[in-house]
Amino acid sequence: MSKRISRSTLLSERMMPTTKARTISDQELRERLQGEEPLMLAGENLEGADLEEVNLRGADLERANLRGANLRRADLGGANLAWAHLEGADLTGVRALGARFTHAHVETARLTHASLALADLRWAHLREADLTDTDLVGAHLEGVEMWKTVLEGARINHEALRFLEPHLSARL
């Protein structure tokens, strides 16, 4: 007999932050990064991790807790950050070409001078995030939440603007 799960239960489970204790130190994480294979860190608690200038290209960080993490100038090209928690993280100068941020929580994060070209930001929560001088050309922005988001000097193509209008409460 199969257990029936309601839609509200499923949605609340998807949105719940990880509760795992942080088991990977910054040093161990950097050692694992020396390998050739993309990192598989889905659901891991990496709160406050120092990942400055780290190559996370193609990494699986789905549902990972990266709250307050230092990702300055990291390479997140093609990485999966769907449903990840990046609240208050520093992503200044990050390169995230084609990265997946669907439903990610990026509230109050700093993404200044970042490259999010062709990134999938559909339904991401960017409340009060700072995207000053960020490249969003070709990014998928359907349903993105940008309440009090700073977009000063950001580059956005005209096609993407039609998705932003209903959700935009940002300073341009």
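Rules and cut-offs
- Every chain's residues receive numbers from 1 upward, in the order its sequence appears when written.
- The predicted nature of this model means local features are confined to residues of pLDDT at least 70 and side-chain atom pairs, given and counted, to a pLDDT of 80 or more, with totals for whole chains, interfaces and linings taken over all residues.
- The basis for every side-chain value is the complete set of heavy atoms in the structure, and neither hydrogens nor water enter the calculation.
- Any carboxyl oxygen of Asp or Glu within 4 Å of a side-chain nitrogen of Lys or Arg constitutes a salt bridge here.
- Think of it this way: any DSSP run of H or I at least four residues long counts as a helix, any run of E at least two long counts as a strand, and we number them from the N terminus.
- When a residue's accessible area, from a 1.4 Å probe over protein chains only, is under 20% of the maximum for its type it is buried; when over 50% it is exposed; and in between it is partly exposed.
- To qualify as a nonpolar core, a set must consist of buried Ala, Val, Leu, Ile, Met, Phe, Trp, Tyr and Cys residues joined through side-chain atoms within 4.5 Å.
- In this description, contact between two residues means that some pair of their heavy atoms is separated by no more than 4.5 Å.
- Under the rule applied, a polar contact is a pair of N or O atoms within 3.5 Å (in protein, one hydrogen donor and one hydrogen acceptor; residues adjacent in sequence only if both atoms are side-chain atoms).

Student: Hey, could you run me through the pattern of salt bridges in this one?
Tutor: Scanning the model with the defined rule gives nine salt bridges in all. Ionic pairing is found between Arg-57 and Asp-75, a salt bridge with its closest N-O pair at 2.8 Å. Taken together, the positions of Arg-57 in the loop between α2 (26-32) and β1 (146-150) and Asp-75 in the loop between α2 and β1 put the pair 18 residues apart, joining distant regions of the chain. On the accessibility criterion, Arg-57 (49% relative accessible area) is partly exposed. Since its relative accessible area comes to 11%, Asp-75 is described here as buried. Two residues, Arg-72 and Asp-90, come together in a salt bridge whose shortest N-O distance is 3.0 Å. Linking Arg-72 in the loop between α2 and β1 with Asp-90 in the loop between α2 and β1, this pair joins segments that are 18 residues apart in sequence. Overall, Asp-90 belongs to the buried group, its relative accessible area being 19%. Each of Glu-52, Glu-53 and Arg-73 takes part in salt bridges that share partners, so that together they form one network.

Student: Even after reading the chapter, I still don't get the nonpolar core, so can you show me in this structure?
Tutor: Across soluble globular proteins, nonpolar side chains have a tendency to be buried as a group. In terms of nonpolar packing, the biggest core is built from 47 residues, with Leu-56, Leu-61, Leu-76 and Phe-101 touching the most fellow members. Sequence-distant contacts of Phe-101, that is, excluding residues within four places in its chain, are made with Leu-76, Leu-81, Ala-82, Leu-86, Ala-96, Leu-116, Ala-119, Asp-120, Leu-121, Arg-122 and Ala-124.

Student: Hey, could you run me through the side chain of Thr-149 in this one?
Tutor: Tracing the backbone through its elements, the reader meets Thr-149 in strand β1. In terms of polar contacts, Thr-149 uses its side chain to reach the backbone carbonyl oxygen of Leu-126, at 2.5 Å. Reaching out from Thr-149, the side chain makes a polar contact with the backbone oxygen of Met-146 at a distance of 3.3 Å.

Student: How should unusual backbone geometry be read in this particular structure?
Tutor: Only a minority of non-glycine residues have a phi that is not negative, and only a minority of peptide bonds are not trans. Of note, Arg-73 is a non-glycine position whose phi angle comes to about 55 degrees, a positive value. Within the fold, Arg-73 resides in the loop between α2 and β1. The residue Lys-148 is not glycine, and still its phi comes out positive at about 55 degrees. Along the chain, the position of Lys-148 falls in strand β1. Since its relative accessible area comes to 49%, Lys-148 is described here as partly exposed.

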